[in-house]
Amino acid sequence: ETQANFCAWVREQMRAPQESAIVLRLLQGWVGACCAPAEARALWETMVDAVDSWSFLVASLPVVGTAVRGDPAVSAAVPARVDARLRAAGGTLACATRDAVLAALAQGWPAAFAETHGAAALCAIRRRSPRAVPPRVVPRTSF
């Protein structure tokens with residue numbers, strides 16, 4: 001019951017404008033620790049939609065990846081959601097932003113990335129970014 005109350009509270013908080021850095025800290029410190037993988041993924045999706053920031057998405061991928069790692073079906077939904085957001089953005093997304101999202105996706109879900117984008121794309125991304133660099137979250141208030 002405590003977990004359900006916490007998840008409901010997080011959803012309620014995402015209805016009001018929030019600073020992206022605070023939402024990321026909430027995800028890092030509490031959601032993964034307090035929620036089952038399916039609930040953590042659902043809350044992550046709520047946070048991504050609320051903040052609506054590509055830098056937040058990139059910074060949150062390693063966190064949600066850790067939170068959902070124990071459930072393969074739930075984990076597979078994360079790259080699918082990211083790919084859907086990339087497709088929805090179409091040509092309006094800056095190349096550097098798209099590359100950062102794809103690099104984070106390739107790092108956390110290499111098999112899913114290779115399946116969707118191809119093994120050659122995975123190798124190209126790994127050559128360009130041989131080691132992970134923690135992304136910087138651009139301060140933003142959700143709307």
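Residues numbered from 1 in each chain as written. Predicted model: local features only at pLDDT ≥ 70, side-chain atom pairs only at ≥ 80, totals over all residues. Heavy atoms only, no water.

Q: Whenever I open this one, the pattern of salt bridges confuses me. Can you help?
A: As a working rule, side chains carrying opposite charge can pair if their charged atoms are close by. Evaluated as defined, the whole model comprises seven salt bridges. Residue E45 pairs with R81 through a salt bridge whose shortest N-O separation is 3.0 Å. Remark: R81 occurs in helix α5 (residues 72-89) and E45 occurs in helix α3 (residues 37-51); sequence separation between them is 36 residues. Among the charged side chains, a network of salt bridges with common partners joins R41, E45, D49, D52, R81 and R85. (Salt bridge = Lys/Arg side-chain N within 4 Å of Asp/Glu carboxyl O. Helix = DSSP H or I, 4+ residues; strand = E, 2+ residues; numbered from the N terminus.)

Q: When you look at the packing of aromatic side chains in this model, what are you seeing that I'm missing?
A: The description of an aromatic ring pair rests on the distance of the ring centres and on the angle between the ring planes. Overall, the coordinates contain one aromatic pair when judged by the stated rule. Above the plane of the ring of W54 lies R85, whose end atom (NZ or CZ) is 5.6 Å from the centre. (Phe/Tyr/Trp six-rings, centres within 6.5 Å; stacked < 30°, edge-to-face > 60°. Lys NZ or Arg CZ within 6 Å of the ring centre and 35° of its normal.)

Q: Would you explain the packing of helix α4 (residues 54-68) against α5 in this entry?
A: Two quantities define a packed helix pair, namely the angle between the axes and the distance from one axis to the other. For the pair α4 and α5, the least separation of the axes is 9 Å and the interaxial angle reads 165°. The angle between α4 and α5 falls in the class roughly antiparallel. Where α4 crosses over α5, the two elements pack in a sense that is left-handed. Note on element contacts: α5 touches α4 through V74, S75, V78, V82, R85, L86 and A89, opposite W54, L57, L61, V64 and V68. Partitioning the contact of α4 with α5 into residue classes produces ten nonpolar, one polar and one charged. (Axes fitted to C-alpha atoms, helices over the stretch in contact; angles between N-to-C directions. Parallel < 35°, antiparallel > 145°, perpendicular 65-115°, else oblique. Left-handed = near helix turned anticlockwise from the far one by under 90°. Contact = heavy atoms within 4.5 Å. Nonpolar A, V, L, I, M, F, W, Y, C, P; charged D, E, K, R; others polar.)

Q: Would you take a moment to explain α4 for this structure?
A: Owing to its 3.6 residues per turn, the α-helix brings residues three or four apart onto one side. Spanning 15 residues, α4 covers 20 Å between terminal C-alpha atoms, matching the ideal 21 Å at 1.5 Å per step. If you look at α4, its biggest bend is around 40°, right at S60, and the proline P62 turns up within four residues after that. Most of α4 is tucked away, with twelve of its 15 residues classed as buried. Where α4 is concerned, the buried positions are S55, F56, L57, V58, A59, S60, L61, V63, V64, G65, A67 and V68. At its buried positions, α4 is contacted by α2 (20-34), α3, α5 and α6 (95-108). (Expected span 1.5 Å × (residues − 1). Bend = angle between axes of the 7 residues up to and from the residue. Buried < 20%, exposed > 50% of the residue type's maximum accessible area, 1.4 Å probe, protein only.)

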